[in-house]
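Coordinates in review
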Amino acid sequence: MNEEEINEMIIQCPVCGIEGVAKSVMKELEIPHFGKVLETTILCPSCGFKHSDVIALEQNDPAKYILEINKNNLSIRVVRSQSATISIPEIGVKVEPGPKSEGYVTNVEGVLTRFESAVKKALNLFEDEESQINAKNTLKNIQELKKGNGTATLIMLDPFGQSNIVSENAEILEIPEEELRELKTGFSKIEDN
């Protein structure tokens, strides 16, 4: 990572409201395979509040990334921006961006672990028998992929082209206009009437 600019200031804490105690730090960084980002952190020593975020500063052409998951590529790097949708259609898992979406850098196994955690949370939320059976089957499929058993397709759609699957085996395609219009970005928009 290449640090370019750091801006620090003391602000009013957004949680406890005490003036002049919280420290706000903003750094502009260049991250390989991701581009320029703004990393923000707010820390309040008074109440313990902490918030961090990474905001992409560059926009590229929309892109669809496709990779076949198998035992030989669990360590391939995956860069997901806060605006990307990521899915594995064969096992029925998908994460779309929302207002609190965060970007991350991980590998294929890390993506599977994130899905695994989400399914485990769903098991605790939904008590009906059908949901329990579906979640347990999905969980088993994710765990088998993590062990290197079987194959599935990892698909990442990014309307701002800030994501990447760092592998020569990853297919990078344009997103058709009709599919692009349906994608969630995680950002609010106001429609004109």
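Presented here is an overview of the structure given in this document. Just so you know, these numbers come straight off a predicted model, no measurement behind them.

The rules behind the values
Residues numbered from 1 in each chain as written. Predicted model: local features only at pLDDT ≥ 70, side-chain atom pairs only at ≥ 80, totals over all residues. Heavy atoms only, no water. Helix = DSSP H or I, 4+ residues; strand = E, 2+ residues; numbered from the N terminus. Buried < 20%, exposed > 50% of the residue type's maximum accessible area, 1.4 Å probe, protein only. Areas by Shrake-Rupley, 256 points an atom, 1.4 Å probe, with all protein chains shown as cover. Lys, Arg positive; Asp, Glu negative; His and termini not counted. Charge placed at Lys NZ, Arg CZ, Asp CG, Glu CD. Patch = residues over 30% accessible without salt bridge, like charges linked within 9 Å, V, L, I, M, F, W, Y side chains within 5 Å. Salt bridge = Lys/Arg side-chain N within 4 Å of Asp/Glu carboxyl O. Pairing = 2+ DSSP bridges. Axes fitted to C-alpha atoms, helices over the stretch in contact; angles between N-to-C directions. Phe/Tyr/Trp six-rings, centres within 6.5 Å; stacked < 30°, edge-to-face > 60°. Lys NZ or Arg CZ within 6 Å of the ring centre and 35° of its normal.

Section: the overall build of the protein chain
Looking only at helices and strands, one finds 3 helices and 12 strands in the protein chain. If you line up the protein chain on its principal axes, its C-alpha atoms span 55 × 45 × 40 Å. For the protein chain, the proportion of its 193 residues judged to be buried stands at 38%. Summed over its atoms, the accessible surface of the protein chain is roughly 11800 Å², and 47% of this surface lies on carbon and sulfur atoms. In the protein chain, 20 positive and 32 negative side-chain charges are present, and the distance between their average locations comes to 7 Å.

Focus: a negative patch on the surface
A contiguous patch of negative charge, built from E127, D128, E129 and E130, is present on the exposed surface. By the secondary structure assignment, E127 is in the loop between α1 (108-125) and α2 (129-146). Here E127 falls in the exposed class, since its relative accessible area comes to 74%.

Considering the sheet that holds strand β6 (residues 77-80)
Here 3 strands make up an open sheet; going across it, the order is β9-β6-β11 and the pairing antiparallel. The open sheet has two edge strands, β9 (104-107) and β11 (164-166), and neither has a second partner. Taken over all neighbouring pairs, the strand axes of this sheet differ in orientation by 20° on average, direction set aside. Sheet topology places β6 next to β9; 4 bridges connect them, and they run antiparallel. When the sheet's bridge partners are listed, V78 is paired in β9 with T106.

Looking at the packing of aromatic side chains
A complete count under the given rule lists 0 aromatic pairs for this structure. For the cation-ring pair, R114 lies above Y104, with the distance from its terminal atom to the ring centre recorded as 3.6 Å.

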